[in-house]
Amino acid sequence: MANPQYVEVGKLFFEEGLPGFSHLQFFRLLQEEKGSPFYALESVEDPQVGFWVVDPFAFFADYEFELQEQAKASLHISQETPVVVLNIVTPRPNQQITVNLKAPIIVNQNNRMAKQVILHEEKYDVRQPLLPVRQAASK
């Protein structure tokens, strides 16, 4: 596994909300187990809204993309700004978990502003399996 990034838990501000939740701007990032690449992203404004997110670099060492200038400007990101990348995970049937690598959440660590961006790279999927699918052992 790749080295995970340093992720500071606490409040985050989504100026435009998240897709489908544009009315919610304030979220809390929580980590239940220190050192885990998994986090909970919970709405401060609506306790019914929350997501599991993951540090993608703990599972996808070659995950990289160029952040568009518009996203950098809206988050006030410069060359020296510490940035964190998180991706939403979704439990699926048959004990599968997928990760949305196509639309990462970018966090400016300095001002705690966050935004979910849609990447133009074709190589990333919205339902990327988190772990390889295990084949049933043949008898």
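Definitions and limits used
- Residues numbered from 1 in each chain as written.
- Predicted model: local features only at pLDDT ≥ 70, side-chain atom pairs only at ≥ 80, totals over all residues.
- Heavy atoms only, no water.
- Helix = DSSP H or I, 4+ residues; strand = E, 2+ residues; numbered from the N terminus.
- Rg over C-alpha atoms; globule rule 2.2 N^0.38 Å.
- Buried < 20%, exposed > 50% of the residue type's maximum accessible area, 1.4 Å probe, protein only.
- Pairing = 2+ DSSP bridges.
- Phe/Tyr/Trp six-rings, centres within 6.5 Å; stacked < 30°, edge-to-face > 60°.

(A) Looking closely at the overall build of the protein. Across its full length, the protein carries one helix and nine strands. For the protein, the α and β elements follow one another from N to C terminus as β-β-β-β-α-β-β-β-β-β. Here the protein has a C-alpha radius of gyration of 15 Å; the compact-globule value for 139 residues is 14 Å, and the two agree. Dimensions of the protein along its principal axes, counting C-alpha atoms only, are 55 × 35 × 30 Å.

(B) Expanded view of the pairing of strand E7 (residues 105-108). Burial along E7 is two-sided: Ile-105 and Val-107 facing one way and Ile-106 and Asn-108 facing the other are all buried. For strand E5 (residues 83-92) and E7, the ladder comprises four bridges, and the chain directions are antiparallel. Following the sheet pairing, Val-85 is matched in E7 by Ile-106. Where E7 and strand E8 (residues 113-116) come together, three bridges link them in antiparallel fashion. What sits directly across from Val-107, in E8, is Ala-114. Between E7 and E8, which pair antiparallel one after the other, the connecting turn spans four residues, and Arg-112 there sits at a positive phi close to 65 degrees.

(C) Unusual backbone geometry, seen in detail. Backbone geometry at His-76 places phi at a positive 60 degrees, although glycine is not the residue there. Looking at where His-76 falls in the secondary structure, it is placed in the loop between helix H1 (69-75) and E5. Look at His-76 and you get exposed, because its relative accessible area is 55%. A positive phi angle is found at Gln-95, which is not glycine, with a value near 60 degrees.

(D) The packing of aromatic side chains, seen in detail. Under the definition given, this model contains seven aromatic pairs. Both rings, one in Tyr-63 and one in Tyr-124, keep their centres 4.8 Å apart while their planes meet at 75 degrees; by these two values the pair is edge-to-face. Separated by 61 residues along the polypeptide, Tyr-63 in the loop between strand E4 (50-54) and H1 and Tyr-124 in the loop between E8 and strand E9 (128-129) bring together distant segments of the chain. For the residue pair Tyr-63 and Tyr-124, the accessibility class agrees, reading buried in each case. An aromatic cluster is defined as three or more aromatic residues linked by ring pairs; in this entry it consists of Phe-57, Tyr-63, Phe-65 and Tyr-124.

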